[in-house]
Amino acid sequence: MQYRLISSTGAPRLILIFAGWGMDATPFESLLREGYDIMVVWDYRSFYIDWSVVSGYDEICLVAWSMGVFAASQTVQAIDYKITKRIAVNGTLWPVDNCRGIPEAIYYGTHDGLDERNLTKFYRRMCASRTQFVDFESVRPVRDIDGLRDELLAVAERTILSSQSAIRWDRAIVGHADAIFPPVNQRRAWQAADVPVEMTDDAHLIDFAALLDREFVDKSTMTARFARGHRTYEANAPVQAEVVERMTAMLVGHVGRDMRDCTGTILEVGSGSGSLSRRLAVLAPSARLRLWDISGDMPDGLKDDSRVKFCRCDAELAIARVPACSLACIASASTVQWFNSPDRFLGHCARALAPGGILLLSTFTRGNLAEIAALTGNALSMPTPDQWTAMATRYFDIIDVAAWERDLDFETPLDVLRHLKLTGVNSLGHSSRGETDVRDLLRRYPMRLDARYHLTYRPMIMLLIKR
């Protein structure tokens, strides 16, 4: 395999793109994602790569496209412990397969008839329109025909010899208009692998810039925003305050006695200003309390409590290093929506908790801050409540769950943006399309029939017990 670092900013996080057959790094060279370096891998004549090239990164996010899905599944095991999110795009774990991949007759027919003319036809079939094809031709890969034939044979041979991937994919994206990997085969393959599928209107080639914006959280900018909003958060976050009150009531109502008797360790992920932290300290007077946050410091009111320790860290990475069965309880309020892979986080929580341990978790779900998303096109890829419960039940029994919608109204659009800034939950800003034009957003922000400007939150709470 060959690779190229196409975006190198010194970021601690890497987006690793496994390209499809017929590619090199050229079609991806314009990609950027704030807070991440980007590396492209291609050429699957050999499945060897020296992974020391990514040793300096704290976190790796994986995007595999087309034949790259199979190649990644065969090769990333050595760096699996660093990968937080895995997205498969228009490919399967069985690339040469009549029912789960490219039908054999088409695959070997491509090999036998490959020349420059047919390669161009292949590239045209990847695209949804003539305009997309013209754009692709301007960044067309430079690959020789003999090498591409060898790559097809190498993948076919590896498919025959290999077993199913041991890594778990977070989600598969399947384009309805894919003319390379039949969509019906893709859906069948991912259903067999128990991987959630998202159907889109795309052809085989997708908008990778939009994908990176949607799928991978800009943690560097998020950290800076939360640091700036630390002191103003509680006074300007009524929905988050309501969430903490309801979390506390849920915990007391179901396991209050167990909390009072707890002498083990309770971990809070995303302690922030300490609203939930202080309640946990009271509810579990004999427990050790460990607080993690990506910014900030020890919350007020807890600095003199010897039972409480604070660590500034990226909890999505740190949770993987917690010893198995070492925690009695994990709590997290309005934090995990910022994680790249909530499913993987749940799995690490289950591993870190002792049998019968408690996970109290709140997050925001799909459609959160919908007004901002509609205007900017920037939105986190959030699971629905049903998807959250489906992920949780892989590891936990559900004690209680609550999901609701809370509508905040403001006098002006400027008040909406001020609210987002003071709480640090701003979803505006950096994307492949550049900074959001705030003046344009203020002009277009819709007024409701009550002559007010609204912002919709969709919180969810789950109280879970480890099986």
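The coordinates are above.
Quick summary incoming for the structure in this document.

### Describing the environment of Asp293
Right, so step 1: As for its position among the elements, Asp293 is in strand β9 (residues 288–293).
Right, so step 2: Separated by 229 residues in sequence, Asp293 and Ala64 place their C-alpha atoms 31 Å apart.
Right, so step 3: If we skip the residues at most four places from it in the chain, Asp293 touches Gly270, Ser271, Gly272, Phe310, Cys311, Arg312 and Cys313.
Right, so step 4: Reaching out from Asp293, the side chain makes a polar contact with the backbone nitrogen of Ser271 at a distance of 3.2 Å.
Right, so step 5: Side-chain polar atoms of Asp293 contact the backbone nitrogen of Gly272, separated by 2.8 Å.

### Quick word on the packing of aromatic side chains
Right, so step 1: Tallied over the entire structure, the rule returns 17 aromatic pairs.
Right, so step 2: Seen from their ring centres, Phe18 and Trp51 are 6.4 Å apart, and the 45° between their planes marks the pair as tilted. With Phe18 in strand β2 (residues 13–18) and Trp51 in the loop between β3 (36–42) and β4 (59–65), this residue pair connects regions lying 33 residues apart in the sequence.
Right, so step 3: What makes Trp51 buried here is its relative accessible area of 11%.
Right, so step 4: Ring centres 5.4 Å apart and planes at 70° place the aromatic pair Phe28 and Phe208 in the edge-to-face group. Highlighted residues: Phe28 in the loop between β2 and β3 and Phe208 in helix α7 (residues 208–215), separated in sequence by 180 residues. Per residue, the accessibility class of Phe28 equals that of Phe208, and both read buried.
Right, so step 5: Among the aromatic residues, those joined into a cluster by ring pairs are Phe18, Tyr44, Phe47, Trp51 and Phe70.
Right, so step 6: Seen from the ring of Phe47, Arg158 lies directly overhead, with NZ or CZ sitting 4.6 Å from the centre.
Right, so step 7: The ring of Trp404 has Arg246 sitting right over it, with the charged end atom 3.7 Å from the ring centre.

### What about helix α9 (residues 238–261)?
Residue pairs three or four apart in sequence face the same way in an α-helix, which turns once every 3.6 residues.
Right, so step 1: The largest bend in α9 is about 90°, located at Val255.
Right, so step 2: Along α9, the residues that are buried comprise Val239, Gln240, Val243, Val244, Met247, Thr248, Met250, Leu251, Val255, Gly256 and Met259.

### What to know about unusual backbone geometry
Right, so step 1: Its identity is not glycine, yet Ser334 carries a phi of approximately 55°, on the positive side.
Right, so step 2: Tracing the chain through its elements places Ser334 in the loop between β11 (327–332) and α12 (342–352).
Right, so step 3: With relative accessibility at 11%, the residue Ser334 sits in the buried group.
Right, so step 4: One non-glycine residue, Leu369, adopts positive backbone phi at about 50°.
Right, so step 5: Along the polypeptide, Leu369 turns up in the loop between β12 (353–364) and α13 (370–376).

### What to know about the sheet that holds β12
Right, so step 1: Spatially, seven strands are ordered β10-β9-β8-β11-β12-β16-β13 in an open sheet, and the strand pairing comes out mixed. Strands with a single pairing partner mark the edges of an open sheet, and in this sheet they are β10 (308–312) and β13 (396–403). On average, each strand axis in the sheet is tilted by 15° relative to the strand beside it, whichever way the strands run.
Right, so step 2: Taken together, the seven bridges between β13 and strand β16 (residues 459–466) define a ladder with antiparallel strand orientation. When the sheet's bridge partners are listed, Asp397 is paired in β16 with Ile465.
Right, so step 3: Those strands touched by α12 are β8 (265–269), β11, β12, β13 and β16, and its axis lies near 150° from that of β12.

So, how was this worked out
Residues numbered from 1 in each chain as written. Predicted model: local features only at pLDDT ≥ 70, side-chain atom pairs only at ≥ 80, totals over all residues. Heavy atoms only, no water. Helix = DSSP H or I, 4+ residues; strand = E, 2+ residues; numbered from the N terminus. Contact = heavy atoms within 4.5 Å. Polar contact = N/O pair within 3.5 Å; in protein donor to acceptor, adjacent residues only side chain to side chain. Phe/Tyr/Trp six-rings, centres within 6.5 Å; stacked < 30°, edge-to-face > 60°. Buried < 20%, exposed > 50% of the residue type's maximum accessible area, 1.4 Å probe, protein only. Lys NZ or Arg CZ within 6 Å of the ring centre and 35° of its normal. Bend = angle between axes of the 7 residues up to and from the residue. Pairing = 2+ DSSP bridges. Axes fitted to C-alpha atoms, helices over the stretch in contact; angles between N-to-C directions.

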